[in-house]
Amino acid sequence: MSRAIPRTYWVAGTAVLLALLFAAAATVAAAGGGSAAPPAAAPRTPGLHSPDAGFARDMAVHHQQAVEMSFIVRDRTQDEAVRTLAYDIANTQANQRGMLLGWLDLWGLPKVVAGEPAMSWMGASAGHGGHAGHGPAKPGALMPGMATKEELEQLGAASGRDAEVLFLQLMTDHHQGGVTMAQGCAQQCGTPVERDLAQGMVDAQRSELTLMADMLRQRGATPRG
């Protein structure tokens, strides 16, 4: 395949660097009692139902399925372009998921809130049933763009070109739902490093959407729409 696969590791790396700088700045401020300037106020911890916490919980779940689908297709095809894309998605989203769950631990917040509708933190920007942008979740899916159990089983039973096409179609839907959610955090989250990570997700996944559309065309297929 002539087109290069875009690498998205910079998203996770940038977020980690920003987090370290943020933590270092907070430490210096806390230790500066002898300075003439008053110490900086501690950053506000996000609340249980804040956009920051809601996005971290929901995107961690969303990412986990992308990682699962990527590992499935790596075992169902020998096509190097698809396998490379799957590896990139799995590696990047697993790293990002770790950061999201780590922030919840840092904030002392649970990773699951019983009875909380998915994407309800998006408020007025959410559509029917608390879901946003890419339309409501299809029956059997937790959030917009996510695959159902039956679709995951279908992917696991396919092979060769059929597995490649289905993976690219499922991941296209998945990315479209993920971009909508990440845009919500980029606009609403109060934690700067989390907003930066969300915007990085938007940029990287839009690039991969363009790539996957090209890969589908090369296989005589199109996104499912």
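Residues numbered from 1 in each chain as written. Predicted model: local features only at pLDDT ≥ 70, side-chain atom pairs only at ≥ 80, totals over all residues. Heavy atoms only, no water.

Undergrad: Help me get a handle on the packing of aromatic side chains, residues and values and all.
TA: What the rule picks out here adds up to two aromatic pairs. Geometrically, the ring pair formed by Phe 55 and Trp 121 is edge-to-face, given 5.8 Å between the ring centres and 80° between the ring planes. One end of the pair, Phe 55, is in helix 2 (residues 51-74); the other, Trp 121, is in the loop between helix 3 (80-107) and helix 4 (149-157), with 66 residues separating them in the sequence. This pair shows no difference in class: Phe 55 is buried, exactly as Trp 121 is. (Phe/Tyr/Trp six-rings, centres within 6.5 Å; stacked < 30°, edge-to-face > 60°. Helix = DSSP H or I, 4+ residues; strand = E, 2+ residues; numbered from the N terminus. Buried < 20%, exposed > 50% of the residue type's maximum accessible area, 1.4 Å probe, protein only.)

Undergrad: For the layout of surface pockets, give the residues involved together with the corresponding values.
TA: Its volume calculated, the second largest pocket comes out at about 180 Å³. Around the second largest pocket, the lining residues are Arg 57, Asp 58, Val 61, Lys 111, Val 112, Val 113, Glu 116, Pro 117, Ala 118, Leu 142 and Met 143. Here the residues of the lining of the second largest pocket sort into seven nonpolar, no polar and four charged. (1 Å grid on protein atoms, 1.4 Å probe; cavity = no way out; pocket = protein on both sides within 12 Å on 5 of 7 lines; lining within 4 Å. Points joined across faces, edges and corners; volume = space filled by probe spheres on them. Nonpolar A, V, L, I, M, F, W, Y, C, P; charged D, E, K, R; others polar.)

Undergrad: So, the packing of helix 5 (residues 160-188) against helix 6 (residues 192-218): which residues are in play, and what are the values?
TA: Packed helices, taken two at a time, are described by the angle between their axes plus the distance between the axes. At a minimum axis distance of 8 Å, the contact between helix 5 and helix 6 shows a crossing angle of 155°. In terms of orientation, helix 5 and helix 6 fall into the roughly antiparallel class. Here the hand of the crossing between helix 5 and helix 6 comes out left-handed. Of the residues in the contact of helix 5 with helix 6, the class split is 14 nonpolar, eight polar and four charged. (Axes fitted to C-alpha atoms, helices over the stretch in contact; angles between N-to-C directions. Parallel < 35°, antiparallel > 145°, perpendicular 65-115°, else oblique. Left-handed = near helix turned anticlockwise from the far one by under 90°.)

Undergrad: Summarise the environment of Met 171; cite the residues concerned and give the values.
TA: Following the sequence through the fold, Met 171 ends up in helix 5. It is 8.5 Å that separates the C-alpha atoms of Met 171 and Met 146, two residues lying 25 residues apart in sequence. Excluding residues that lie within four positions of it along the chain, Met 171 makes contacts with Ala 66, Met 69, Ser 70, Ile 89 and Met 212. (Contact = heavy atoms within 4.5 Å.)

Undergrad: I'd like to hear about the nonpolar core, residue by residue, with values.
TA: With 53 residues, the main nonpolar core has Phe 55, Met 69, Leu 85, Leu 100, Phe 167 and Met 181 as its most contacted residues. Counting residues per element, the ones that place at least two in this core are helix 2, helix 3, helix 4, helix 5 and helix 6. (Core = buried A, V, L, I, M, F, W, Y, C linked by side-chain atoms within 4.5 Å.)

Undergrad: Which residues make up unusual backbone geometry, and what are the values?
TA: Positive phi, close to 65°, is recorded for Met 119, a residue that is not glycine. Considering the arrangement of structural elements, one finds Met 119 in the loop between helix 3 and helix 4. Judged by its relative accessible area of 1%, Met 119 is buried.

Undergrad: So, helix 5: which residues are in play, and what are the values?
TA: The terminal C-alpha atoms of helix 5 lie 42 Å apart, and with 29 residues this matches the ideal 42 Å at 1.5 Å per residue to within 8%. Within helix 5, 21 of the 29 residues are buried, which leaves the element mostly enclosed by the surrounding structure. (Expected span 1.5 Å × (residues − 1).)

Undergrad: So, the confidence of the model for the chain: which residues are in play, and what are the values?
TA: On average, the chain scores 84 in pLDDT, and the residues at 70 or more come to 76%. When the criterion is pLDDT under 50, residues 1-36 qualifies, and its contacts beyond four places in sequence or with other chains add up to 44 contacts. Low pLDDT, under 50, characterises residues 127-133; the stretch is placed with 20 contacts to residues that sit more than four places away or in other chains. (pLDDT = per-residue confidence, 0-100.)

Undergrad: Mind laying out the pattern of salt bridges, listing which residues take part and the relevant values?
TA: If you walk through the whole model with that rule in mind, you get nine salt bridges. For the salt bridge of Asp 105 with Lys 111, the shortest nitrogen-to-oxygen distance reads 2.6 Å. Assessed through its relative accessible area of 49%, Asp 105 is described here as partly exposed. In this structure, the salt-bridge partner of Arg 224 is Glu 151, at a minimum N-O distance of 3.2 Å. (Salt bridge = Lys/Arg side-chain N within 4 Å of Asp/Glu carboxyl O.)

Undergrad: Could you give an account of the side chain of Glu 194, naming the residues involved and the relevant values?
TA: Of note, Glu 194 is situated in helix 6. If we ignore the near neighbours within four places in the chain, the residues touching Glu 194 are Asp 52, Phe 55, Ala 56, Leu 100, Trp 103, Trp 107, Cys 185 and Cys 189.

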